[in-house]
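Next come the chains, spelled out residue by residue.
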Amino acid sequence: MSSPTVSIEGPTSTTSEGFLAAAKSGGCAPSSYGSSPTSPGDVDPAIWDKIKDHPCFSEEAHHYFARMHVAVAPACNVQCNYCNRKYDCANESRPGVVSEKLTPDQALRKVIAVANEVPQLSVLGIAGPGDACYDWEKTKATFDRVIREIPDIKLCVSTNGLVLPDHVAELAEMNVDHVTITINMVDPEVGAKIYPWIFYENRRYFGIEAARILHARQMLGLEMLSARGILTKINSVMIPGVNDQHLFEVNKMVKERGAFLHNVMPLISDPAHGTHYGLIGQRGPTAMEMMALQDRLEGGAKLMRHCRQCRADAVGLLGEDRGQEFTLDGIPDGVTYEAGKRQAYRQVVAHERRDHEAARSEAIGMVKATDSEKSLLVAVATKGGGRVNEHFGHAKEFQVYEVSPRGISLVGHRKVERYCLGGGGEDATLEGVIAALEGIHIVLCAKIGNRPKEQLSRAGLRVTDAYGHDYIETAVSALYAAELGIRPLAATA
Ligand SMILES: C[S@@+](CC[C@H](N)C(=O)[O-])C[C@H]1O[C@@H](n2cnc3c(N)ncnc32)[C@H](O)[C@@H]1O
Ligand code: SF4
Ligand code: SF4
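Residues numbered from 1 in each chain as written. Chains lettered and ligands numbered in written order. Predicted model: local features only at pLDDT ≥ 70, side-chain atom pairs only at ≥ 80, totals over all residues.

Under an unreviewed UniProt entry, the name given to the chain is FeMo cofactor biosynthesis protein NifB, and the organism recorded is Mesorhizobium wenxiniae. Listed under Sequence similarities (unreviewed entry) in UniProt, the entry text for the chain is "Belongs to the radical SAM superfamily. NifB family." A UniProt comment under Cofactor (unreviewed entry) is attached to the chain, and it reads "[4Fe-4S] cluster". (UniProt positions renumbered as here; feature names shortened; annotations may be inferred.)

Listed below in structure tokens is the structure:
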């Protein structure tokens, strides 16, 4: 198979202002590139302390920790051409979709029930389904209640930024130290193609005027958060032909204002969703277009590349959604929080993370020492813990790692339809999986049957279960060594 066409060169870093530059100046050389911080050496210790258990702000943490969103904020003050919150489907995983909207009291019950059952839970986020800052009273009431009962849970909000500046002081008072702002443009001309209107200070604004106000408020909100040391993640939806090239400007401007991470996500667009873009046939980017853009953004604000574009009521590790297990009907009224399970999990996982860190450093050291230009894209079936531990047929997604002499880095994921349904169900065809794995050189999984293995091979895709249960980086570095002829490939398990 030919080498991937993705570029691994990016623009050279420009000087960044604000607290982030100061924070980063104390950091060591990153152990990985491309994605959000993976090792304590990637950032200043004070920042590592804030992100080390946050699955979205640290790529490493997402192997071990879970988030939950509570859908308490349905109202929104902005209309985006890609969003329709009226559309609901229990089986669909994408932003803005929820099965039930909650009051702050109901949200508290649900958070307690989840914390008792999901010991990995570390973060409570409010990501709509509308806007957490616009629907502020419900956001604040939810956080106040939850933090009284579960003081060590991290609080997180996601907002379009329009009224964010009005709430920064309160966010700081509530110890919310992670905020996501969606910034799709820094030029109102581009903004007018994304936002038909906004509702601001009791008036509706349209077109360029709306985009100009939104832009000014987003920049102000970001600066205010940076000034307080609150970590920010900027979400940008990549809309081919509308803002894809413009996202370089966005990346530069948010970096200058202290953004911690830039999360460029693909537009999800379907006529059935009833959005403006869906109706006019605006397409989202392909996985390869998405990766190529992210690669070209390297060197600017650090990128988040492991976002799963979760529902507004998602529960569990990123990539899994256990939301349907926790409906209000199944939660008793007087449910109380049992702290023991989460505390025990943290102790166990601390050892595991230390071992993983040592294995990762060794693997990255090995590939960096190779004298090769070669770059490989490896798709990994994993169900958490940073290991190759998912059966090929059970995988609903593959994590994509790039390995080259620059290191080993998570560069994205590919969602697939589960191939093997089990229980007498009809297996799905492999065509969809093969299409989703476009550009991938090798697939790693815990186990695979002969039939799918042969079919993948006929489609030009290599797959191996020889590294089942190894740490991902260990397995990827072994594959790389085999590819370069340094070591033979391990025998299939
Ligand atoms: C549902 S919104 C809720 C938070 C807030 N209102 C906002 O826009 O940031 C959460 C995230 O989902 C993104 N989103 C919504 N619909 C999307 C779509 N069709 N494709 C890609 N991203 C989408 C938004 O841009 C935002 O970053
Ligand atoms: S601001 Fe957020 S919730 Fe509002 S329309 Fe846009 S994506 Fe949807
Ligand atoms: S949508 Fe992205 S940033 Fe938000 S919880 Fe999911 S993975 Fe994290």
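Student: Would you explain the environment of Glu149 in this entry?
Tutor: Tracing the backbone through its elements, the reader meets Glu149 in helix α4 (residues 136-149). Judged by the 14 C-beta atoms lying within 10 Å of it, Glu149 falls in the partly exposed class. When the C-alpha positions of Glu149 and Leu108 are compared, they lie 8.6 Å apart, and in sequence the two are 41 residues distant. In contact with Glu149, other than residues within four places in its own chain, are Leu108, Ile112 and Tyr337. (Helix = DSSP H or I, 4+ residues; strand = E, 2+ residues; numbered from the N terminus. Buried ≥ 20, exposed ≤ 12 C-beta atoms within 10 Å, placed from the backbone. Contact = placed C-beta atoms within 7 Å.)

Student: Can you walk me through the nonpolar core in this structure?
Tutor: One broad rule of soluble globular proteins: the nonpolar side chains tend to lie buried together. Counting residues in each nonpolar core, the largest one holds 130 residues, and the members touching the most others are Val378, Tyr401, Val443, Leu444, Cys445 and Val476. Looking at this core, you find at least three residues from each of domain 1 (18-326) and domain 2 (357-483). Excluding its chain neighbours within four sequence positions, the residues that come into contact with Val443 are Ala379, Phe398, Leu437, Leu456, Leu461 and Val463. (Core = buried A, V, L, I, M, F, W, Y, C linked by C-beta atoms within 7 Å. Domains from an automatic or database assignment.)

Student: What's the story with the site of ligand 2 in this structure? I'm lost.
Tutor: Contacts to ligand 2 come from 10 residues, most closely from Cys76, Val78, Cys80, Cys83 and Asn160. Tallied by class, the residues present in the shell around ligand 2 amount to four nonpolar, five polar and one charged. (Near = placed C-beta within 6 Å. Nonpolar A, V, L, I, M, F, W, Y, C, P; charged D, E, K, R; others polar.)

Student: It is not clear to me how α4 should be interpreted in this structure. Could you clarify?
Tutor: Residues spaced three or four apart along an α-helix face the same direction, because each turn holds 3.6 residues. Across its 14 residues, α4 extends 20 Å between first and last C-alpha, which sits within 8% of the 20 Å expected from 1.5 Å per residue. What α4 keeps buried is the set Lys138, Thr139, Thr142, Phe143 and Val146. One side of α4 holds all its buried residues, which, seen down the axis, span an arc of 125°. Exposed residues on α4 whose side chains face more than 90 degrees from its buried face are Glu137, Asp144 and Arg148. (Expected span 1.5 Å × (residues − 1). Arc of directions from axis to C-beta.)

Student: How should the environment of Phe398 be read in this particular structure?
Tutor: Mapping Phe398 onto the fold places it in strand β12 (residues 397-404). Along the chain, Phe398 and Gly412 lie 14 residues apart, while their C-alpha atoms are 8.7 Å from each other. Apart from the residues within four sequence positions on either side, Phe398 is in contact with Ala379, Val380, Ala381, His413, Arg414, Val416, Leu437 and Val443.

Student: So what exactly am I meant to see when it comes to the domain arrangement of the chain here?
Tutor: You can read the domains of the chain as domain 1 (18-326) and domain 2 (357-483). Taking only C-alpha atoms into account, the centre of domain 1 sits 28 Å from that of domain 2. Domain 1 puts 18 residues into the contact, and the matching count from domain 2 is 20 residues. A per-element tally of the side of domain 1 that touches domain 2 places helix α10 (residues 287-297) first, with four residues. Split by residue class, the side of domain 1 that touches domain 2 holds seven nonpolar, eight polar and three charged.

Student: Sorry if this is basic, but what is going on with the pairing of strand β13 (residues 407-415) here?
Tutor: Looking along a regular strand, one sees side chains alternate from face to face of the sheet. Along β13, seven of the nine residues are buried, which leaves the element largely enclosed by surrounding structure. Relative to β13, β12 is paired through eight bridges, and the arrangement is antiparallel. Note that in β13 the partner of Glu397 across the bridge is Lys415. (Pairing = 2+ DSSP bridges.)

Student: I keep staring at the sheet that holds strand β6 (residues 197-200) and nothing clicks. Help me out?
Tutor: Strand pairing in a sheet takes place through backbone hydrogen bonds and is either antiparallel or parallel in direction. Taking strand neighbours across the sheet as the criterion, the three strands line up as β2-β6-β7 in an open arrangement whose pairing is antiparallel. Pairing within the sheet leaves two strands with one partner each, and these edge strands are β2 (78-79) and β7 (203-206). Across four bridges, β6 lies against β7 in antiparallel orientation. Directly across from Tyr200, in β7, lies its bridge partner Arg203. Where helix α7 (residues 207-227) meets the sheet, it contacts β2, β6 and β7, and its direction lies at approximately 110° from that of β7. (Axes fitted to C-alpha atoms, helices over the stretch in contact; angles between N-to-C directions.)

Student: Would you take a moment to explain the sheet that holds strand β15 (residues 462-464) for this structure?
Tutor: Taken together, five strands build an open sheet; the order of strands is β13-β12-β11-β14-β15 and the sheet is mixed. If you trace the sheet from one side to the other, it starts and ends with β13 and β15, each paired once. For this sheet, the mean inter-axis angle between neighbouring strands, taken without regard to orientation, is 25°. Bridge analysis of strand β11 (residues 376-380) against strand β14 (residues 442-444) gives three bridges, and the strand direction is parallel. The residue bridging Val378 from the neighbouring strand is Ile442, located in β14.

Student: How do you make sense of helix α8 (residues 247-256) when you look at a structure like this?
Tutor: Most of α8 is tucked away: seven of the 10 residues are buried. Listing the buried residues of α8 in full gives Leu247, Val250, Asn251, Met253, Val254, Lys255 and Glu256. Contacts made by the buried residues of α8 are with α7, β8 (231-238), β9 (261-266) and α10. Just downstream of α8, Gly258 is the residue with a positive phi angle, here 90°.

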